[in-house]
Amino acid sequence: SDLVQEAVGHPRLFITGGEPLLQAGALCEFLRKYRECRANEAKEVILQTNGTIHSKEVLPYVDLLSIDIKTPGSGESPDLDVLDAYLEYSHSAPRTQVKMLITSEEDFDYAMAAAWEVWKRNRTTQIIIGATNRTPAHPAGVKELGDMLRKQREWCEAFLATDWPPTARFLPQYHVLLFGNRKGV
């Protein structure tokens, strides 16, 4: 297809959504064709999922599986059974990373506990903790750039001062700092 031919020219294919696994059958077919076209070349396929759908048939075509775990501040609940299925499969499949965004102390505590659970299940899983100023509820007092920078620093210092798994890292949400604290950023 034209889409496969267009993708073939790129060294890295990053599949995200919405939720790309809602279209697991079509995605599988696309990735199979993509791999056939790139059979002799090293190309990386990254799949970002919100972790609500487990699709084992897609994973053989994926080099890096990136799973978002929803924290309490997101207003959504993670499906830990689906996460467990991915982590179980990840021992023999693609590299896996888990990402969580924190906006509050409750999120911070939840993310730390979840990070340890992920690490216990698969010690090679990369764990990324990001602090954001913009999920449904603003942290108190965060309105301007200086406030956002201060809050990012506080989260970073809290991360460094506590005991996280060795594969965990903290990534501030710089896109919000660069482009503002508004919808779509």
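A. How the structure looks around the pattern of salt bridges. This model, assessed by the stated rule, comprises 11 salt bridges. In this structure, E44 and R95 form a salt bridge, with 2.3 Å as the shortest nitrogen-oxygen distance. In this pair, E44 is assigned in strand β2 (residues 44-49) and R95 in strand β4 (residues 95-102), connecting sequence segments 51 residues apart. Given the relative accessible area of 48%, R95 is considered partly exposed. Between E157 and R153 there is a salt bridge whose closest N-O contact spans 2.8 Å. Note that E157 and R153 are positioned in helix α5 (residues 145-161) at a spacing of 4 residues, about one turn of the helix.

B. Structural context of the sheet that holds strand β3 (residues 64-68). Spatially, the 6 strands line up as an open sheet ordered β1-β2-β3-β4-β5-β6, and their pairing is parallel. Whereas interior strands pair on both sides, the edge strands pair on one side only; in this sheet they are β1 (12-15) and β6 (168-172). Averaged over neighbouring strand pairs, the angle between their axes works out to 20° when direction is ignored. Strands β1 and β2 of the sheet are contacted by helix α2 (residues 24-37), whose axis makes an angle of about 180° with β1. With respect to the sheet, helix α4 (residues 105-121) is in contact with β4 and β5 (126-131), its orientation differing from that of β4 by roughly 165°.

C. Molecular detail of the side chain of S74. Tracing the backbone through its elements, the reader meets S74 in the loop between β3 and α3 (80-89). Owing to a relative accessible area of 18%, S74 belongs among the buried residues under this scheme. Separated by 2.8 Å, the side chain of S74 and the backbone oxygen of T71 make a polar contact.

D. Broad picture of a nonpolar patch on the surface. Residues Y174, L178 and F179 make up a contiguous nonpolar surface patch of about 390 Å² in total accessible area. Structurally, L178 can be placed in helix α6 (residues 174-179). Classification of L178 as exposed rests on a relative accessible area of 65%.

E. Region of the structure containing α2. Counted at 1.5 Å a residue, the expected span for α2 with its 14 residues is 20 Å, and the 20 Å between its end C-alpha atoms agrees. Taken together, the buried positions of α2 are occupied by A24, L27, C28, F30, L31 and Y34. The buried residues of α2 occupy an angular sector of 165° when the element is viewed end-on, so they sit on one face. Exposed side chains of α2 directed beyond 90 degrees from the buried face belong to G25, A26 and E36.

F. Region of the structure containing the nonpolar core. Ranked by internal contacts, the top residues of the largest apolar core, which has 39 residues, are L31, L47, V58, M100, I127, I129 and W164. Look past the residues within four positions of L31 in its chain and what remains in contact with it is L13, I15, V45, V58, Y61 and V62.

G. Representation of the pairing of β5. The buried fraction of β5 amounts to 5 of the 6 residues, a majority that puts the element mostly inside the structure. Note: β4 against β5, 6 bridges, orientation parallel. Directly across from V98, in β5, lies its bridge partner I127. Examined bridge by bridge, β5 and β6 share 5 bridges and lie parallel to one another.

Rules and cut-offs
- Residues numbered from 1 in each chain as written.
- Predicted model: local features only at pLDDT ≥ 70, side-chain atom pairs only at ≥ 80, totals over all residues.
- Heavy atoms only, no water.
- Salt bridge = Lys/Arg side-chain N within 4 Å of Asp/Glu carboxyl O.
- Helix = DSSP H or I, 4+ residues; strand = E, 2+ residues; numbered from the N terminus.
- Buried < 20%, exposed > 50% of the residue type's maximum accessible area, 1.4 Å probe, protein only.
- Pairing = 2+ DSSP bridges.
- Axes fitted to C-alpha atoms, helices over the stretch in contact; angles between N-to-C directions.
- Contact = heavy atoms within 4.5 Å.
- Polar contact = N/O pair within 3.5 Å; in protein donor to acceptor, adjacent residues only side chain to side chain.
- Patch = residues over 30% accessible without salt bridge, like charges linked within 9 Å, V, L, I, M, F, W, Y side chains within 5 Å.
- Areas by Shrake-Rupley, 256 points an atom, 1.4 Å probe, with all protein chains shown as cover.
- Expected span 1.5 Å × (residues − 1).
- Arc of directions from axis to C-beta.
- Core = buried A, V, L, I, M, F, W, Y, C linked by side-chain atoms within 4.5 Å.

Note that every value here comes from positions in space, so none of it alone points to a role or purpose.
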